[in-house]
Amino acid sequence: MNGTMEKFGYPATLVAEFDHWAVLARPAQPTLGSLVLAAKSEATAFGDLTAEAHADLKIVTAAIESALGKAVSYARINYLMLMMVDPHVHFHVIPRYEGTREWKGREFVDCGWPKVPDLGHAVSLEGPDLAELVTWIRQAFG
């Protein structure tokens, strides 16, 4: 585990784990099903990851796309590697869709559709609500 994973709530937000990557539910949900895909290493540059971590990324992204397809029926998916605040290699995974999705009585609107995602417009989940989201997404991974 590294500090970036910890910031996004690891291990409580863990929905899937792979050899070199952890998939975390993003506590701030700009769209329903938003995730953080975090390298488990201390690398702070994408090019510093091992060849094995890069190879594992193929397996991880296929699993993410399958799980989010089941969970939220996205139209597109964005992988954003921003790393401006949190230094360790990670992507914000934002499922994109036109309109809204509902979950547990809450509405999740993709405010940026069809352009860049609006990360500032997010439903913030914590406590039992975040735990339920983690369980729900974890089940989509199978």
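Below you will find a few notes about this structure.

About the thresholds
Residues numbered from 1 in each chain as written. Predicted model: local features only at pLDDT ≥ 70, side-chain atom pairs only at ≥ 80, totals over all residues. Heavy atoms only, no water. Helix = DSSP H or I, 4+ residues; strand = E, 2+ residues; numbered from the N terminus. Buried < 20%, exposed > 50% of the residue type's maximum accessible area, 1.4 Å probe, protein only. Pairing = 2+ DSSP bridges. Axes fitted to C-alpha atoms, helices over the stretch in contact; angles between N-to-C directions. Contact = heavy atoms within 4.5 Å. Salt bridge = Lys/Arg side-chain N within 4 Å of Asp/Glu carboxyl O. Phe/Tyr/Trp six-rings, centres within 6.5 Å; stacked < 30°, edge-to-face > 60°. Lys NZ or Arg CZ within 6 Å of the ring centre and 35° of its normal.

1. Regarding the side chain of Arg96
Summarising the element assignment, Arg96 is placed in strand β6 (residues 90–96). For Arg96, a relative accessible area of 3% gives the class buried.

2. Quick word on the sheet that holds β6
The strand order across the open sheet formed by five strands is β1-β2-β4-β6-β5, and the pairing between neighbours is antiparallel. Looking at which strands have only one partner, the edges of the open sheet turn out to be β1 (14–17) and β5 (76–80). Across the sheet, the mean angle from the axis of one strand to that of its neighbour is 20 degrees, orientation sign disregarded. Note that β5 and β6 share five bridges and pair antiparallel. Note that in β6 the partner of Leu80 across the bridge is His92. Strands in contact with helix α3 (residues 127–141) are β1, β2 (21–25) and β4 (35–39); relative to β1, the strand with the most contacts, it is inclined by about 25 degrees.

3. Focus: unusual backbone geometry
Going from Tyr10 to Pro11, the amide bond is cis rather than trans, its omega being 10 degrees. Mapped onto the fold, Pro11 is located in the loop between α1 (3–7) and β1. The phi angle at Ser73 is positive, at roughly 50 degrees, despite the residue not being glycine. Looking at the secondary structure, you find Ser73 in the loop between α2 (51–72) and β5. Judged by its relative accessible area of 49%, Ser73 is partly exposed. A positive phi angle, close to 45 degrees, is found at Met83, a residue other than glycine. Take Met83: it is sitting in the loop between β5 and β6.

4. Examining the pattern of salt bridges
Summed over all chains, the structure comprises five salt bridges. Where Asp86 meets Lys7, a salt bridge forms, and the shortest distance between an N and an O atom there is 3.3 Å. Of this pair, Asp86 sits in the loop between β5 and β6 while Lys7 sits in helix α1, and the two are 79 residues apart along the sequence. Overall, the relative accessible area of 51% leaves Lys7 in the exposed class. Residue Glu132 pairs with Lys104 through a salt bridge whose shortest N-O separation is 3.1 Å.

5. Points about the packing of aromatic side chains
In this structure the tally under the stated criterion is four aromatic pairs. When the centroid spacing of 6.3 Å and the interplanar angle of 40 degrees are considered together, the rings of Trp21 and Phe91 count as tilted. Placement of Trp21 in strand β2 and of Phe91 in strand β6 is noted, with a sequence separation of 70 residues between them. Pairing Tyr79 with Phe91 gives two aromatic rings, centres 6.3 Å apart and planes at 90 degrees, and the pair type is edge-to-face. Separated by twelve residues along the polypeptide, Tyr79 in strand β5 and Phe91 in strand β6 bring together distant segments of the chain. Of the residues examined, Tyr79 reaches a relative accessible area of 26% and is grouped as partly exposed. Take Phe91: its relative accessible area is 11%, and that puts it in the buried class. A connected cluster of aromatic rings, assembled from ring pairs, spans Trp21, Phe46, Tyr79 and Phe91. Cation over ring: Lys7 sits above Phe8, and NZ or CZ is 5.3 Å from the ring centre. Positioned over the ring face of Tyr97 is Arg101, at 4.2 Å from the centre of the ring.

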